[in-house]
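# Summary of the model geometry
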2 protein chains.
Amino acid sequence: MKIKGFKFSGISANIKKNGKKDLGLICGDGPFSVAGVFTSSSIKAAPVLLDMERIKGGTARAIIVNSGNANACTGEAGMRDAVATSSFLAAELGALEEEVLVSSTGVIGQKLPVEKINAAIPELVAALDYGGAQEFAEAIMTTDSYPKMHSVARQINGKDVSITGVAKGAGMISPNMATMLSYIMTDAAINSKMLAHALKVATDVSFNSITVDGDMSTNDTVIALASGASGADIVEGEAGHLEFISMLKELMIELAKMIVRDGEGATKLIELKVKGADSKEDAKKAAVKIANSPLVKTAFYGEDANWGRIVAALGGTDVKLDESKLDIWFDDVCIVKDGLFKGVEAEEEATGRMKKKEISLTVNINMGPHEATLWTCDLTHDYIKINAEYRS
Amino acid sequence: MKIKGFKFSGISANIKKNGKKDLGLICGDGPFSVAGVFTSSSIKAAPVLLDMERIKGGTARAIIVNSGNANACTGEAGMRDAVATSSFLAAELGALEEEVLVSSTGVIGQKLPVEKINAAIPELVAALDYGGAQEFAEAIMTTDSYPKMHSVARQINGKDVSITGVAKGAGMISPNMATMLSYIMTDAAINSKMLAHALKVATDVSFNSITVDGDMSTNDTVIALASGASGADIVEGEAGHLEFISMLKELMIELAKMIVRDGEGATKLIELKVKGADSKEDAKKAAVKIANSPLVKTAFYGEDANWGRIVAALGGTDVKLDESKLDIWFDDVCIVKDGLFKGVEAEEEATGRMKKKEISLTVNINMGPHEATLWTCDLTHDYIKINAEYRS
C-alpha cells in the first residue's frame, strides 16, 4: 500500500517488553498541509498537547509514534520528553522541529523511555520506505490483534487521487475516539483549513461513532497530511471538494469498523441505528446508551435477541420517548412494534439473525426525523481476560 | 427476623421454570403509613405505575411481589394484569384494593401469568407468618445468589424501635437503583409525609449510590411501611426524627452494599470516594464515571492497581479538573500525588491492597469541598457468563 509523497518505517526500540515493533515513522517528501482531531478528554497526554500546538502552523513533515508507553500523566517531564524526541528526529531528518509531530500510546503514568527512542531513531530513519506502511501499522499496535490499513482511490478533476489511512484501536474505544490513533495520508492538493474541515466532518461519522467499552483515552489522535503529489487541486465548493470529503468518510468509516471488529475480545460487529429521534442529540444519546450497555453487549455475545435490555437501556436516558411508539428490529426482523413484543415466531427468527458475525440493530423511537448510526461490538469473556491481565 | 405488625410469606407459583420460590407477600396487621421511591427510567413497568398512583393515598396494607416476569413493556394488558392481581389479593385479605401494592421483576415484555399468580394467592395468604421474612426474601430473588435482609434497632424516646429491610438486586444496578426491589418495614409511628422524606434522603446515600453495570431497570422500587406497633412517635424536628433517619440510612446502606457484594459475578466490593470536587454534581459524576468504567472494573478483578485507567475515566467527564492536583489512594496507599505516579514501591504496596475482598479507592481532585461515596464491584468472567446465558 503506497501513497505518493510518503515514506514509512516501523521497528522495535525495546519499549514493549515482548520485543515487538513499537516505534513508527511517517515522513513526507516535504512539509505538507496538516490537520488534526484530538481527544476531548480533559486530561490530555503530553504528545497530544504538543501536536495541538504545532498543527496550528498548518504544515508538518513527519510523525513519530511509539507504542508501549502513553507519556500521559507524566507532568512537565512528559512534555520535555515529547519535545526532546521531536527535536532529535528533526535533526536526523534535516527538518524543522515545529514540523515534527509525536504520538504515544500504551501504559499511562510512566516516564517515556526517551533514551531508547532516540537511540533507535537513526535505524528508524534509515528504514524509511515508500512501501513501509505495513511496518508502520504494526509498530503502533497495542492490544490490537492485527494492523489496520485501508485505501480509497477515485478520480478528481481527471486526476487519480488516493487517500490511505492507518489506525490502531482495540479497547477504550468510545464515541469520541478513545485510545485510538489514526494517520490519514492523501496525495490530493488541499490547504490545511479545508483539510481540517473535511477531517472533522469525517471523524464525526466514523471514529466518533464507534464504541467498544465507553471509556476514553488521554491520547486519541487523528492526523491528516496532504502531499499534493497527485496534482489534483481541491477547490472549496467545487464538485471535487465534495468528492474528497466523501472519499475521506468512506475511508475513515472503514477504518472505524476495523477497530470495532477488533474490539478487545469482540466476536460480533453491531451496526446500531437509532431512528425517529426528536433531535440529533437524542438520537446519538440513545445510540450511545444502548451501545455501551453491558447487558445489551453480553446479550449479543450470548446470541440472545434480548430486546428487553435494549428498552431498559433506552429508558435510562432522558431521550424523548413514548413506549407505545417504539419499534425494534434485529436485521430485517421486527421483534417489537408499537412498544409490544411481536411474539415467539419473531423471536425465533431474530435469534437466527443473532448468529451472524455482523448484525444490524434498528431502534425507531418514532418521535421525530433524526437518526444516528453507531458501530459497537459484543462484551465477551476475552474482554475480561485481556483487561484483567493487560497493564494498559 | 421479625418486625412488629408485619407477616410475610413466599412460595412457588411456577412462574420461574426451575420451581424455585417466585411469589412473595408482605401483609400488615392493618393499613399502615406508606412511602415509595421508584425507577427514574422513562419506561416504567405497569406495577410501578400502579404503585406510584396508589401510594399517593398515604396508606397501604399489603405488597405482593413476583419474580420471573417483570410485567414491563406489556402495554395496557400489563396494567390490567397488575390491577387484577391486586384486586384478587385484596378480596382474599379482606383489604381495600387501593391498599394493595404490586411489584414484578424478571423477564421484560412477556405477559404476566396472572392465572398462575391468582391460583397461588390462597396458599400465599395461608402461609403468612410473623417469622416468614426469609421466605419472602427468597421469593423475590432473580439472579441473586442469596436473600438479602437486615435489621437495625435503637431506642427512640425510651421505646425500642426496629427497622427491617429486604432487598433483591444483582445485575442492572446503577446509580438510581436499577433492577432493584426493596421493602422497608418499621414499627415506628411516623406519618407518610415524613416517611417519604426519610426514604428519599436514605435512598440517595444508599441505593442511589451503588452501581454494578450502569444499566437501569423499568421496575426499581423501594417501598416503606410503618406499623407504629412500637408506640414510638416520630415527631418532626425532634431528636427522634433525626435518629430515625440515621437508622434508616444505616439499614439501607447495608442492604445496598449487600446488593453490590452480590453483583453479578462480583468478587470484590469497592468503596469509591471522590473528594475535593467543585460541586456536589461533579463529585457524583466523577464517581459514577469511574465506578462504571469497564477498564477500571476489570483492573480490580485482575488485582491491578491500574490508576491510569482511573485517570482516563475521570478525563472522560466534564468535571472541573486540574491534572496536577490529582491524588489517588488504594486503601491507605497513595499511588498518585499532584497528578504524578509515586513510584514502584507505592505501586507494590497498592497491589498488595488489591488482593483484599473489600477495597477503598479514594480520588481527591482538590478543586473544592464536595464529595461523594459510591459502592461498586469488579467486572468478571462470571458477569459475562451470567448475562450471556440468562434471559433477563
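Calculation notes
- Residues numbered from 1 in each chain as written.
- Chains lettered and ligands numbered in written order.
- Predicted model: local features only at pLDDT ≥ 70, side-chain atom pairs only at ≥ 80, totals over all residues.
- Heavy atoms only, no water.
- pLDDT = per-residue confidence, 0-100.
- Contact = heavy atoms within 4.5 Å.
- Helix = DSSP H or I, 4+ residues; strand = E, 2+ residues; numbered from the N terminus.
- Buried < 20%, exposed > 50% of the residue type's maximum accessible area, 1.4 Å probe, protein only.
- Polar contact = N/O pair within 3.5 Å; in protein donor to acceptor, adjacent residues only side chain to side chain.
- Phe/Tyr/Trp six-rings, centres within 6.5 Å; stacked < 30°, edge-to-face > 60°.
- Lys NZ or Arg CZ within 6 Å of the ring centre and 35° of its normal.
- Buried area = accessible area lost by both parts, 1.4 Å probe.
- Salt bridge = Lys/Arg side-chain N within 4 Å of Asp/Glu carboxyl O.
- Nonpolar A, V, L, I, M, F, W, Y, C, P; charged D, E, K, R; others polar.
- Expected span 1.5 Å × (residues − 1).
- Pairing = 2+ DSSP bridges.
- Axes fitted to C-alpha atoms, helices over the stretch in contact; angles between N-to-C directions.

Our next topic: the confidence of the model for chain A. Predicted coordinates in regions of low pLDDT should not be interpreted in detail. All names here are of chain A. On average, residues of chain A carry a pLDDT of 92, and 96% of them reach 70 or more. Here residues 174-178 is modelled with pLDDT under 50, and outside its nearest four sequence neighbours on either side it reaches 33 contacts, counting other chains as well. With a pTM of 0.84, the predicted complex shows an ipTM of 0.77.

Residues and elements named next belong to chain A. The topology assignment puts aspartate 282 in helix H7 (residues 280-292). You can call aspartate 282 buried: its relative accessible area is 10%. C-alpha of aspartate 282 to C-alpha of isoleucine 108: the two residues are 174 residues apart in sequence and 33 Å apart in space. Ignoring any residue separated from it by four or fewer positions in sequence, one finds aspartate 282 in contact with Ala277, Val319 and Lys320. From its side chain, aspartate 282 meets the backbone nitrogen of lysine 320 in a polar contact 3.1 Å long.

Scanning all chains against the criterion turns up ten aromatic pairs over all chains. Seen from their ring centres, phenylalanine 300 of chain A and phenylalanine 330 of chain A are 6.1 Å apart, and the 55° between their planes marks the pair as tilted. Of the two residues, phenylalanine 300 of chain A is situated in helix H8 (residues 294-301) and phenylalanine 330 of chain A in strand S11 (residues 327-330); the sequence distance between them amounts to 30 residues. Exposure class is identical for phenylalanine 300 of chain A and phenylalanine 330 of chain A. Each is buried. Taken together, a centroid distance of 6.2 Å and an interplanar angle of 50° make the contact between phenylalanine 8 of chain B and phenylalanine 136 of chain B tilted. With a gap of 128 residues between them, phenylalanine 8 of chain B in strand S1 (residues 6-11) and phenylalanine 136 of chain B in helix H4 (residues 133-139) connect regions that are remote in the sequence. Since its relative accessible area comes to 0%, phenylalanine 8 of chain B is described here as buried. For phenylalanine 136 of chain B, a relative accessible area of 0% corresponds to the buried category. Taken together, the aromatic side chains of Phe8, Phe136 and Tyr183 of chain A make up a single cluster linked through ring pairs. A cation sits over an aromatic face here: lysine 148 of chain A above tyrosine 146 of chain A, 4.7 Å from the ring centre.

With that out of the way, let us pick up the interface of chain B and chain A. Counting from both sides, the interface comprises 53 residues of chain B and, opposite them, 55 residues of chain A. When the two sides are added together, the surface that chain B and chain A hide from each other amounts to roughly 4,400 Å², 57% of it contributed by carbon and sulfur. Summed over the shared surface of chain B and chain A, the result is zero salt bridges. Looking at the side of chain B that touches chain A, the elements with two or more residues in it are helix H8 (294-301), helix H9 (307-315), strand S13 (340-341) and helix H11 (381-389) of chain B. Looking at the side of chain B that touches chain A element by element, the count peaks at eight residues for H9 of chain B. The residue makeup of the side of chain B that touches chain A, split by class, is 23 nonpolar, 19 polar and eleven charged.

Residues and elements named next belong to chain B. The end-to-end C-alpha separation of helix H5 (residues 192-204) is 18 Å, in line with the 18 Å expected for 13 residues at 1.5 Å each. Residues of H5 that are buried in the fold lie against strand S2 (23-38), strand S7 (181-186), strand S9 (221-226) and helix H6 (239-261). One side-chain oxygen at the N-terminal end of H5 lies 3.1 Å from the backbone nitrogen of lysine 193; it belongs to asparagine 191.

This part takes up the environment of lysine 337 of chain B. Residue and element names in this part refer to chain B. Positionally, lysine 337 belongs in strand S12 (residues 333-337). A relative accessible area of 39% places lysine 337 in the partly exposed class. Put simply, lysine 337 and glutamate 53 are 284 residues apart on the chain and 51 Å apart in space, counted from C-alpha to C-alpha. Contacts of lysine 337, omitting those with residues within four sequence positions, involve Leu326, Asp327 and Lys342. One polar contact links lysine 337 to aspartate 327, side chain to side chain, over a distance of 3.2 Å.

Residue and element names in this part refer to chain A. The backbone of asparagine 14 shows a phi angle near 60°, a positive value even though the residue is not glycine. Tracing the backbone through its elements, the reader meets asparagine 14 in the loop between strand S1 (6-11) and strand S2 (23-38). Despite not being glycine, asparagine 157 has its phi angle at roughly 50°, a positive value. Along the chain, the position of asparagine 157 falls in the loop between strand S5 (148-156) and strand S6 (159-168).

Attention now moves to the sheet that holds strand S12 (residues 333-337) of chain A. Residues and elements named next belong to chain A. On the basis of which strands lie adjacent, the open sheet formed by seven strands has the order S8-S15-S10-S14-S11-S12-S13 and mixed pairing. Strand pairing shows two members of the sheet lacking a second neighbour, strand S8 (210-211) and strand S13 (340-341), which therefore form its edges. Sitting on the sheet, helix H6 (residues 239-261) touches S8, strand S10 (269-277), strand S14 (358-364) and strand S15 (370-377), and the angle it makes with S15 is about 45°. Lying over the sheet, helix H10 (residues 344-353) contacts S11, S12, S13 and S14, oriented at roughly 135° with respect to S12.

To continue, consider the sheet that holds strand S8 (residues 210-211) of chain B. All names here are of chain B. Read from one edge to the other, the open sheet built from seven strands follows the order S8-S15-S10-S14-S11-S12-S13, with strand pairing classed as mixed. Every interior strand has two partners, whereas the edge strands, S8 and S13, have only one. Bridge analysis of strand S10 (residues 269-277) against strand S14 (residues 358-364) gives seven bridges, and the strand direction is parallel. Bridge assignment links leucine 272 to a residue of S14, and that residue is leucine 361.

We now examine the pattern of salt bridges. Across all of its chains, the model carries 40 salt bridges over all chains by this definition. Where arginine 154 of chain B meets glutamate 250 of chain B, a salt bridge forms, and the shortest distance between an N and an O atom there is 2.7 Å. Here the residue arginine 154 of chain B occupies a position in strand S5 (residues 148-156), and glutamate 250 of chain B occupies one in helix H6, the gap between them amounting to 96 residues. Linking lysine 268 of chain B and glutamate 303 of chain B is a salt bridge whose minimum nitrogen-to-oxygen distance equals 2.8 Å. Placement of the pair is lysine 268 of chain B in the loop between H6 and S10 and glutamate 303 of chain B in the loop between H8 and H9, with a sequence separation of 35 residues. Where salt bridges share partners, they join Asp144, Lys148 and Asp262 of chain A into one cluster.

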